[in-house]
Amino acid sequence: MSSPHKPSRAEEEYFAREDAEKKRKLAMVQSKQMVSSEREALRTLHQNHCPACGQRLQKIALNEVEVLRCFGCNGCFLSEEDLKKLAKQPGYWERMLHFFVRSDYDAPNV
């Protein structure tokens, strides 16, 4: 009888990267197949709405970077480029935790 084996952190990271790459490739194929009118209709419908709860996202300035914030579920969204800009600044993680985490907030089950 074999004992259950918990994957190592390196294994978990590898499979997470593999899964993300598969999803990225699938999204690229779907995007190419979508006609421009359908793409524009979806963009208009979903733009500036939270993907978790559907509330309108609000623009918040954080150290010269624009963050889209949902006050319905406390979600935060920013581009990869903006995240890299923030990460280069000293004290980045402390400021991010202070900005994004609220101790007085209980997120609704979505």
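Residue numbers run consecutively from 1 along every chain, following the written order of its sequence. Local features in this predicted model are restricted to residues of pLDDT 70 or higher, and side-chain atom pairs are both shown and tallied only at a pLDDT of 80 or more, whereas totals for entire chains, interfaces and linings draw on every residue. To obtain the side-chain values, all non-hydrogen atoms of the structure were included, while hydrogens and water were left out.

Engineer: Describe the pattern of salt bridges, with residues and values.
Structural biologist: Two side chains carrying opposite charge are able to pair once their charged atoms lie near each other. Think of a salt bridge as a Lys or Arg side-chain nitrogen and an Asp or Glu carboxyl oxygen that are within 4 Å of each other. Applying the stated rule across the entire model yields six salt bridges. Between Glu21 and Arg24 there is a salt bridge, with its nearest N and O atoms 2.6 Å apart. Of this pair, Glu21 and Arg24 both sit in helix α1 (residues 9-33), separated by three residues, roughly a single helical turn. Only protein chains enter the calculation, and the probe is 1.4 Å; a residue is then buried if its accessible area is under 20% of its type maximum, exposed if over 50%, and partly exposed in between. What makes Glu21 partly exposed here is its relative accessible area of 31%. Assessed through its relative accessible area of 41%, Arg24 is described here as partly exposed. The partner of Lys85 in a salt bridge is Asp82, with the nearest N and O atoms 3.9 Å apart. Taken together, the residues Lys85 and Asp82, both in helix α3 (residues 80-87) and three residues apart, mark about one turn of the helix. For Lys85, a relative accessible area of 42% translates into the label partly exposed. Taken together, the salt bridges that share partners define one network made up of Glu81, Asp82 and Lys85. Each helix is a run of H or I in the DSSP string that is no shorter than four residues. Each strand is a run of E no shorter than two, and both are numbered from the N terminus.

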